[in-house]
Amino acid sequence: MRRVLQIVSAGAVLMAGAATVAQATQSIAVPAYFYPSYPDPVWAQMQSAVPPVAIAVMNPASGPGVAADPNYVSQIVAARAAGIKVLGYVYTSYAARAAAAVQADVDSYYAWYPVDGIFFDEAANTCPQQAYYAALDGYVKAKGGLGLTVINPGINTPECFVTAADVLLNFEGDFAAYQTWTPDGWETGYDPSRFWHLVYDTSDVQMPTAVLLSQSRGAGYVYVTGDDLPNPWDTLPPASYW
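All values reported here derive from a predicted model rather than from experimental measurement.

Can you lay out the state of the cysteines for me, pointing to particular residues and giving the numbers?
For the coordinates displayed, the defined rule picks out 1 disulfide. Here Cys 127 engages in a disulfide with Cys 160; their sulfurs sit 2.2 Å apart. The disulfide joining Cys 127 to Cys 160 has a torsion of about -105° about its S-S bond and is therefore left-handed. Of this pair, Cys 127 sits in the loop between β5 (117-121) and α5 (130-141) while Cys 160 sits in the loop between β6 (148-151) and β7 (167-174), and the two are 33 residues apart along the sequence.

Structure (structure tokens):
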């Protein structure tokens, strides 16, 4: 998924009409794959929804691009001041991309933007590749600051990966697929803050069901949207959602 991420919280559940789950602890994590023409109204919409919104993924050009963008710099400063953690998008080609190239993208984000960590997309999900991601996790954390890492295989991930990143994005798909998907089971041994689900092509009527399912499946971070392929992450839901 070459796009930016966003997290969903109990506040979003309430706005969706599922008041019975208000006690659940969740956050909204947003793939923010839309350009911030600072001061950008769409980013401002996310910022006004803190604390439910906890994370946003910036994605200038399926990576950091070739130089710092002043609009991104200003918008990230504003987002972080509002309480949102901002992560930089980096793709890994399922562990086939050279680690040096991935590290160069990480270096660029940290040189150009005040990011809180990195979102590693196109992640592998077999244990022989775990060391690749564990090394990247260490590389990010050596930069200092929060050093938050997310890996996105988008599907069930074996337990070996729990030490390879702070957050595992173990579901990315449409609502139809989410209704029948189940985690492997080992995830119940860990705090929900270790897991994130992204659900797209979800109607307003279906949204409370999707959020309730994410809670029952142990996702501490969730984002549910009515947007659809080819890029479900290039818009935000209407203001009433927040």
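Structure's up, so let's keep going.
For the packing of helix α4 (residues 99-112) against α5, give the residues involved together with the corresponding values.
Interaxial distance between α4 and α5 falls to 11 Å at its minimum, and their mutual angle equals 25°. Here α4 lies roughly parallel to α5, going by the angle between them. Note on packing geometry: the crossing formed by α4 with α5 is right-handed. For the pair formed by α4 and α5, the contact residues are Ala 99, Val 102, Gln 103, Val 106, Asp 107 and Tyr 110 on the first element and Tyr 132, Leu 136, Tyr 139 and Val 140 on the second.

Please set out helix α7 (residues 207-216) residue by residue, giving values where relevant.
Most of α7 sits inside the fold, with 7 of its 10 residues counted as buried. Considered for burial, the residues of α7 that qualify are Met 207, Pro 208, Ala 210, Val 211, Leu 213, Ser 214 and Gln 215. Count one or two residues on from α7 and you reach Gly 218, which has phi positive near 80°.

So, how was this worked out
Residues numbered from 1 in each chain as written. Predicted model: local features only at pLDDT ≥ 70, side-chain atom pairs only at ≥ 80, totals over all residues. Heavy atoms only, no water. Disulfide = S-S within 2.5 Å. Helix = DSSP H or I, 4+ residues; strand = E, 2+ residues; numbered from the N terminus. Axes fitted to C-alpha atoms, helices over the stretch in contact; angles between N-to-C directions. Parallel < 35°, antiparallel > 145°, perpendicular 65-115°, else oblique. Left-handed = near helix turned anticlockwise from the far one by under 90°. Contact = heavy atoms within 4.5 Å. Buried < 20%, exposed > 50% of the residue type's maximum accessible area, 1.4 Å probe, protein only.

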